[in-house]
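So you can see what is in the structure, the chains are spelled out below.
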Amino acid sequence: MVGSNIAGRLVGDRLPNLDDGLRYAISRITYYVLLVTGLMAALQTIGVQLGSLTVLVGALGVGLGFGLQNIVKNFVSGLILLFERPIKVGDWIEVDGTKGQVTDIGARSTTVVTRDNITIIIPNGPMSNGTITNYSLSPIRRVDMVFGIGYDDDLKQAKSVLEQLVADDSRILKDPESQVLLSELADSSVNFTVRAFVNAADYWGVY
């Protein structure tokens, strides 16, 4: 066991051009391969025939098969994402409450970076089978903004001011046409809702 551990570290140290994560993975794989090989050689040395390990090997094979199911599922899901393209690199999406931009679609997982620059790795299985909100799929998005005024204020003047603000804002599209609606008589204010349409690609702040 000590020898295989040392050999694994030596293999990792001889790959300086790789990142730490990949060198560690190669080192651990080498360790496990040498460990299993050494155990099998030791069992033969003490007279234990490999044929008697058939049941154990079969059980390990079943366990490995169950483990590979998720790997194959995520791999196939990754192919579906790449070919059907419900999402693509650069899209702003929301999955299970997580909002961010897709930066990579790999063989087994998709990388999403949030507005706080937090990187989240999501398996491709849930990405292809679950519910995804893709904010970038449609080039136009509606934004609802609520403004409140006092009951003593002039309603017509307030609506006129809001309409002028919408007309003067270059970020708001002229088509579809925006609306200013009297939406609620609240306890302490009269609320107007401005329904405006913006270019989704240029307006991540509304997501």
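Please refer to the structure placed before this passage.
All values derive from a computational prediction rather than experimental measurement.

A. Main features of the overall build of the protein. Scanning the protein from terminus to terminus reveals five helices and eight strands. Secondary structure elements in the protein, listed N-terminal to C-terminal, are α-α-α-β-β-β-β-α-β-β-α-β-β. Counting across all 207 residues of the protein, residues that qualify as buried make up 26%. Across the protein, every contact between residues at least 6 apart in sequence was considered, and the portion connecting residues at least 24 apart equals 52%. Of the accessible surface of the protein, which amounts to about 14000 Å², a share of 58% is contributed by carbon and sulfur atoms.

B. Local environment of the sheet that holds strand β8 (residues 190–199). Pairing within the open sheet is antiparallel, and its three strands lie in the order β6-β8-β7. The sheet is open, and its two borders are formed by β6 (140–149) and β7 (179–185), each paired with just one other strand. Strand-to-strand twist of the sheet, defined as the mean angle between neighbouring strand axes without regard to direction, takes the value 30 degrees.

C. Region of interest: the nonpolar core. Counting ten residues, the largest nonpolar core is built from I149, A158, L162, V166, I172, V180, V190, F192, V194 and A196. Of all the secondary-structure elements, those providing two or more residues to this core are α5 (155–168) and β8. Per-element accounting of this core gives the leading share, four residues, to β8. Beyond its immediate stretch of four places on either side in the chain, L162 contacts F147, V180, F192 and V194. The next biggest cluster of nonpolar side chains, apart from the first, holds nine residues, and it includes L81, V95, I105 and I122.

D. Structural view of the pairing of β8. Most of β8 is tucked away, with eight of its ten residues classed as buried. As judged from the ten bridges shared by β6 and β8, these two strands associate in the antiparallel manner. Counted as the bridge partner of I140 is N199 from β8. The sheet contact formed by β7 and β8 spans six bridges and is antiparallel. Among the inter-strand pairings, L182 is bridged to a residue of β8, identified as F192.

E. Broad picture of α5. The end-to-end C-alpha distance of α5, which contains 14 residues, comes to 20 Å, matching closely the 20 Å that a straight helix rising 1.5 Å per residue would cover. Check the buried side of α5 and you find it contacts β6, β7 and β8. N-cap assignment for α5: the residue whose side-chain oxygen lies 3.0 Å from the backbone N of K156 is D154.

F. Focus on unusual backbone geometry. Cis geometry is adopted by the peptide bond preceding P176, which originates at D175 and carries an omega value of 10 degrees. With respect to the helices and strands, the residue P176 is situated in the loop between α5 and β7. Positive phi values are uncommon outside glycine, yet D96 reaches one of about 50 degrees. Within the element layout of this structure, D96 appears in the loop between β1 (92–95) and β2 (98–105). Among the residues examined, D96 registers a relative accessible area of 72% and is labelled exposed. We note that N117 has phi near 65 degrees; this positive angle belongs to a residue other than glycine. Here N117 is to be found in the loop between β3 (109–113) and β4 (119–123).

G. A look at the sheet that holds β4. Taken together, the five strands give an open sheet; going across it, the order is β4-β3-β2-β1-β5, and neighbouring strands pair in antiparallel fashion. Each of the sheet's edge strands pairs with one partner strand only, and the pair in question is β4 and β5 (132–134). Averaged over all pairs of adjacent strands, the angle between strand axes in this sheet comes to 40 degrees, irrespective of strand direction.

H. Looking closely at the pairing of β1. In terms of strand pairing, β1 meets β2 through four bridges, oriented antiparallel. Within β2, the position partnered with I93 by the bridge is G100. The antiparallel hairpin formed by β1 and β2 contains two residues in its connecting segment, where D96 sits at a positive phi of about 50 degrees. Where β1 meets β5, three bridges bridge the pair, whose relative direction is antiparallel. Residue E94 lies in a different strand from β5, and its bridge partner there is T133.

Criteria and thresholds
Residues numbered from 1 in each chain as written. Predicted model: local features only at pLDDT ≥ 70, side-chain atom pairs only at ≥ 80, totals over all residues. Heavy atoms only, no water. Helix = DSSP H or I, 4+ residues; strand = E, 2+ residues; numbered from the N terminus. Buried < 20%, exposed > 50% of the residue type's maximum accessible area, 1.4 Å probe, protein only. Contact = heavy atoms within 4.5 Å. Areas by Shrake-Rupley, 256 points an atom, 1.4 Å probe, with all protein chains shown as cover. Pairing = 2+ DSSP bridges. Axes fitted to C-alpha atoms, helices over the stretch in contact; angles between N-to-C directions. Core = buried A, V, L, I, M, F, W, Y, C linked by side-chain atoms within 4.5 Å. Expected span 1.5 Å × (residues − 1). Polar contact = N/O pair within 3.5 Å; in protein donor to acceptor, adjacent residues only side chain to side chain.

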